[in-house]
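# Breakdown of the fold
Read off the chains here:
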Amino acid sequence: MVRVRFAPSPTGYLHVGGARTALFNWLFARRHGGTFVLRIEDTDAERSSWAMVAGIVDGLRWLGLDWDEGPDVGGPHAPYFQSERLDRYREKAHALVRKGHAYYCYCSPEDLQRKRTVAEGRGEAWTYDRACLKLSREDAARLDAAGAARAIRFNVPAGQTRFADLVHGPIVFDNSNIEDFVILRSDAQPTYHLSVVVDDIEMEMTHVVRGDDHISNTPKHVLLYQAFGRTPPQFAHVPLILGPDKKRLSKRHGATSVMEYHRLGFLPEAMVNFLALLGWSPGGDRELLETDELIALFTLEGISGGNAVFNPEKLDWFNQQHIARLPAAELLRRIEGRLRARELWRDSLPGGEAAWVEKVLELLKPRVKKLDQLVDEIEPFLVDLPQFDPAAVQKHLSDVDVRNTLGILADRYGPLVPFDAATTEHVLRGVAQDAGLKGAALIHATRVAVTGRAVSAGLFDVLALLGSTRVVNRLRRARDYTPVS
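As the structure is a prediction and not an experimental result, all values here were calculated from the model.

## Some details on the overall build of the protein
From N to C terminus, the protein includes 20 helices and 11 strands. C-alpha atoms of the protein, sized along the principal axes, occupy 110 × 50 × 40 Å. Burial statistics for the protein: of 485 residues in total, 49% are counted as buried. When contacts within the protein are restricted to residue pairs at least 6 apart in sequence, long-range pairs at least 24 apart make up 75% of them. By element, 50% of the accessible surface of the protein is carried by carbon and sulfur atoms, the whole surface being about 22,700 Å². Separation between the mean location of the 61 positive side-chain charges and that of the 63 negative ones in the protein comes to 2 Å.

Laid out in structure tokens, this is it:
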């Protein structure tokens, strides 16, 4: 049975890289009918906060990633907060000392820094010199009796450490390059290396899928597994995500919090589709995939060993495609909160006006890449009179002859039946010809008159959906409008 976990530290909101790692784990678990565990690695109490936990959980839930075991749903391996498991880590660290796999280190931070400074002054890289491994029992007992602070270091054996990475293949580390690393600090707080291995053992993880930046940690973890007498899980280190400049993705590239993309108007299914293809390929040329399809296709073998590039334009394209796929009724549900925030919502939209608003949304959705853009596009349909864009007025309504012609067009549109796209276009072009205007000039002026802006969906489709009453009122307002010079 596949068991995988996403184990974030609550020191920040869920960022794109973490979300992609969570997604890969979730897809792998769902693909194999396994278990996806959420574990909060909050041993760093000073940098952790409940607000950050909420930020991570909100991001996962927005993406649609649910967990089978975790802080809020429980499970057979609770607790799922590392801060509630500290005694377990301490017990395991001291057990390694008793077995000879670790030892107490009494070196103060000042002593260690002094040795490091001396080595660097000689142009050498410094690693711990195992001074405390050489302490006699009598010296150690004397230090203990004096109440000296002590950490616990892992006793790295000679030789090599090997593991088979499911992405990168066989990886070998020479143990001479691994210093005796601290597993329990002098304040009795566990380090990441100890806590993650203890938890992964006790929570029965079969696979560890995490970022490439953890490859250097993995030999230490393999050594700990061996010291505990346990077989390591299978490791899969996924490529890092780079910005368009091929540097590691960061705030300088724009939004990095997943929930920021929610606020910007991206759909969760579009974000999932985009993230899944950052470093993984389903094979072939398929790109536009629903979540169920991603689950059916996902394999760890499909993960690329090369770094993935975050392309904002590609994300926009995915979002546009997924917006276009949504039925209009569902799209209305997705933008309800945004419409309410703009005071554009009315309860009749999903009720008596449902058929009409669905036609409006079907007209508008091919034009937009984000939900906020859709709200902008639909606004002229939901207000009595749209606000004029000054630049559009200056460009298309500054000519008094054009404004007067809008009045003539209003008179022709008033009794017009049917008031559909074809008929309104025919009438407009006739009025323009009679007035000696180019058809395009009157079209642009009419668009500004009825939408307030210079760009919109097809004008005559817009007119038909607005209806003759509103169109005539807006044309007459534009006729009487005096642009500010």
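## Things to note about the packing of helix 12 (residues 328–341) against helix 14 (residues 371–382)
Packing of helix 12 against helix 14 brings their axes to within 10 Å, and their N-to-C directions diverge by 80 degrees. Judged by the inter-axis angle, helix 12 sits roughly perpendicular to helix 14. Side by side, helix 12 and helix 14 meet where Leu331, Arg334, Ile335, Arg338 and Leu339 of the first sit next to Leu371, Asp372, Leu374, Val375, Ile378 and Leu382 of the second. Of the residues belonging to the contact of helix 12 with helix 14, the class tally is eight nonpolar, no polar and three charged.

## Some thoughts on the nonpolar core
Grouped together as the largest cluster of nonpolar side chains are 58 residues, with contacts concentrated most on Leu339, Ile378, Phe381, Tyr413 and Leu475. Counting residues in each nonpolar core, the second largest holds 53 residues, with Ala19, Trp67, Val272 and Ala276 among its members.

## Side note on the pattern of salt bridges
With the rule as written, the count across this model stands at 37 salt bridges. Asp66 serves as the salt-bridge partner of Arg30, at 3.3 Å between the closest nitrogen and oxygen. In this pair, Arg30 sits in helix 1 (residues 16–31) while Asp66 sits in the loop between helix 2 (50–63) and helix 3 (86–98), placing the two residues 36 residues apart along the sequence. On the accessibility criterion, Arg30 (21% relative accessible area) is partly exposed. Beyond isolated ion pairs, a larger network of salt bridges with shared partners links Arg5, Arg39, Glu41, Arg85, Arg88, Glu91, Asp199, Asp200 and Glu202.

## Quick notes on unusual backbone geometry
The peptide bond linking Ala78 to Pro79 adopts the cis configuration, its omega dihedral lying at 0 degrees. For Pro79, the location among the structural elements is in the loop between helix 2 and helix 3. Cis geometry marks the peptide bond from Val417 to Pro418, where omega comes out at 0 degrees. Tracing the sequence through the fold places Pro418 in the loop between helix 16 (400–413) and helix 17 (421–435). With phi around 60 degrees, Glu204 is a residue other than glycine that occupies positive phi space. If you trace the backbone, Glu204 turns up in the loop between helix 6 (192–202) and strand 8 (207–211).

## Thoughts on helix 13 (residues 354–364)
Side chains of residues three or four places apart in an α-helix project in the same direction, reflecting 3.6 residues per turn. If you check which residues of helix 13 are buried, you get Ala354, Trp356, Val357, Val360, Leu361, Leu363 and Leu364. On its buried face, helix 13 sits against helix 12, helix 14, helix 19 (459–466) and helix 20 (468–479).

## Comments concerning the state of the cysteines
Evaluation of the coordinates by the stated rule reveals zero disulfides. Unpaired in terms of disulfides, Cys107 finds its nearest cysteine sulfur in Cys132, a separation of 3.5 Å.

## Thoughts on the packing of aromatic side chains
Counted according to the given criterion, the structure contains 13 aromatic pairs. With a centroid separation of 5.5 Å and an interplanar angle of 70 degrees, the aromatic rings of Tyr261 and Phe266 are classed as edge-to-face. No difference in accessibility class separates Tyr261 from Phe266, as the two residues are buried. The interplanar angle of 70 degrees and the centroid separation of 5.1 Å between the aromatic rings of Trp317 and Phe318 together place this pair among those described as edge-to-face. Here Trp317 falls in the partly exposed class, since its relative accessible area comes to 31%. The structure contains a cluster of three or more aromatic residues connected by ring pairs, namely Tyr261, Phe266, Phe274, Phe310, Trp317 and Phe318.

Parameters at a glance
- Residues numbered from 1 in each chain as written.
- Predicted model: local features only at pLDDT ≥ 70, side-chain atom pairs only at ≥ 80, totals over all residues.
- Heavy atoms only, no water.
- Helix = DSSP H or I, 4+ residues; strand = E, 2+ residues; numbered from the N terminus.
- Buried < 20%, exposed > 50% of the residue type's maximum accessible area, 1.4 Å probe, protein only.
- Contact = heavy atoms within 4.5 Å.
- Areas by Shrake-Rupley, 256 points an atom, 1.4 Å probe, with all protein chains shown as cover.
- Lys, Arg positive; Asp, Glu negative; His and termini not counted.
- Charge placed at Lys NZ, Arg CZ, Asp CG, Glu CD.
- Axes fitted to C-alpha atoms, helices over the stretch in contact; angles between N-to-C directions.
- Parallel < 35°, antiparallel > 145°, perpendicular 65-115°, else oblique.
- Nonpolar A, V, L, I, M, F, W, Y, C, P; charged D, E, K, R; others polar.
- Core = buried A, V, L, I, M, F, W, Y, C linked by side-chain atoms within 4.5 Å.
- Salt bridge = Lys/Arg side-chain N within 4 Å of Asp/Glu carboxyl O.
- Disulfide = S-S within 2.5 Å.
- Phe/Tyr/Trp six-rings, centres within 6.5 Å; stacked < 30°, edge-to-face > 60°.

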